[in-house]
Amino acid sequence: MRIVIAGSSGYLGKPLMEALEGLGEGHDLVRLVRHRPDEENEIVWDPYKGALDPQILDGVDAVVNLCGVNVGGRRWNAAYKQRIETSRVVPTEVLAEAVAAAKVPVMVNASAAGWYGDRADVEVDESTPAAADFLGRLCLKWESATAAAEESGARVVKLRTGHVLGPESVLLDRFVPAWKCFLGGRFGSGRQYMPWISLRDWVSAAVTAIEDGSVRGPVNMVGPTPATNREFTKALGAVVHRPTPWVIPGWAVKIVAGEAAIEMLRGARIKPGVLQANDFQYQDETVFEALRYALRD
């Protein structure tokens, strides 16, 4: 397959590139980059300056879009929330229109588990409507931005990704030092669900989404065993060999993280319905296994 990837330098893009390159199946990979090309397989683009020349996608079998600034990269204010939205919706619209114009048969686009918002103990799957909060509305706009590709007949896959646990994970880089200093504990009640998936399982599932013609629409990129914040806290403590006795009040989390604290204080029990229906084989079936993999020496 000839595959064009946007967002290939990010935390998910790099290992996905490596996996596709290492499959030995002759995949021809092209990276869309914002800097001067350093390699033959790089093409410059700027989605904020207009349309992408459809000729760039001539002969392309699939386009993968992983663009978007880190949601937890800093405290949210109006400007950063707008940046979070723009960095996702605009590149998606530009690529979807180019996919339609060039008649590319497959588009695999990033999305997020934030689609579901706070659902307490209610299990949700890919058929559940978007939440009405900021992240829910964002994900709805993000996924809707693929409309041009879908209308052209392309097989469009939307990867609703939870917290990705792997080496150099931003989330774990923030938590592990505190846990190792005996400061680990649940956030608030600890009953809120934290959708998670190991990095290696995410990559395998993304490859499946690209190559398997039966996969289309939203795909919940989460592990098969839902975990609450309390369970995540205990599992991380077990992996780093530290107790986790503390309770970090919700108000304290909000003081430190602002509105972005919603990711830690609210969540949904998400079922990976599409992956399970396609008999996807997880390497890490529990959050403990995923954390042990992520923090292996």
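Note that the structure is a prediction, hence the values are computed from the model and not measured.

Draft legend 1. The pairing of strand 5 (residues 106–112), seen in detail. Burial runs high along strand 5: six of the seven residues are buried. Note: strand 5 against strand 7 (residues 155–161), seven bridges, orientation parallel. Along strand 7, the bridge assignment pairs Met107 with Val156.

Draft legend 2. Representation of the sheet that holds strand 3 (residues 42–44) within the structure. Spatially, 3-2-1-4-5-7-11 is the arrangement adopted by the seven strands of the open sheet, whose pairing is parallel. Sheet topology places strand 3 and strand 11 (217–221) at the edges, where each strand pairs with a single neighbour. Each neighbouring strand pair of the sheet contributes to a mean axis angle of 25 degrees, computed without reference to strand direction. In terms of strand pairing, strand 1 (residues 2–6) meets strand 4 (residues 62–65) through four bridges, oriented parallel. Among the inter-strand pairings, Ile3 is bridged to a residue of strand 4, identified as Ala62. Packing against the sheet, helix 6 (residues 199–211) makes contact with strand 1, strand 4, strand 5, strand 7 and strand 11, and its axis sits at approximately 165 degrees to strand 7.

Draft legend 3. Main features of the packing of aromatic side chains. With the rule as written, the count across this model stands at five aromatic pairs. Here the aromatic rings of Trp76 and Phe134 are separated by 5.2 Å at their centres, their planes lie at 65 degrees, and the arrangement is edge-to-face. One end of the pair, Trp76, is in the loop between strand 4 and helix 2 (78–102); the other, Phe134, is in helix 3 (residues 134–144), and 58 residues separate them in sequence. Both residues of the pair, Trp76 and Phe134, belong to the buried class. Measuring from ring centre to ring centre gives 5.5 Å for Phe175 and Phe187, while their planes differ by 80 degrees; the resulting arrangement is edge-to-face. Of this pair, Phe175 sits in helix 5 (residues 170–180) while Phe187 sits in strand 9 (residues 185–187), placing them twelve residues apart in sequence. One exposure class covers both Phe175 and Phe187, and it is buried. A network of ring pairs unites the aromatic residues Phe175, Trp179, Phe187 and Phe232 as a single cluster. Here the guanidinium or amino end of Lys81 rests over the ring plane of Phe134, the centre of that ring lying 4.8 Å away.

About the thresholds
- Residues numbered from 1 in each chain as written.
- Predicted model: local features only at pLDDT ≥ 70, side-chain atom pairs only at ≥ 80, totals over all residues.
- Heavy atoms only, no water.
- Buried < 20%, exposed > 50% of the residue type's maximum accessible area, 1.4 Å probe, protein only.
- Helix = DSSP H or I, 4+ residues; strand = E, 2+ residues; numbered from the N terminus.
- Pairing = 2+ DSSP bridges.
- Axes fitted to C-alpha atoms, helices over the stretch in contact; angles between N-to-C directions.
- Contact = heavy atoms within 4.5 Å.
- Phe/Tyr/Trp six-rings, centres within 6.5 Å; stacked < 30°, edge-to-face > 60°.
- Lys NZ or Arg CZ within 6 Å of the ring centre and 35° of its normal.

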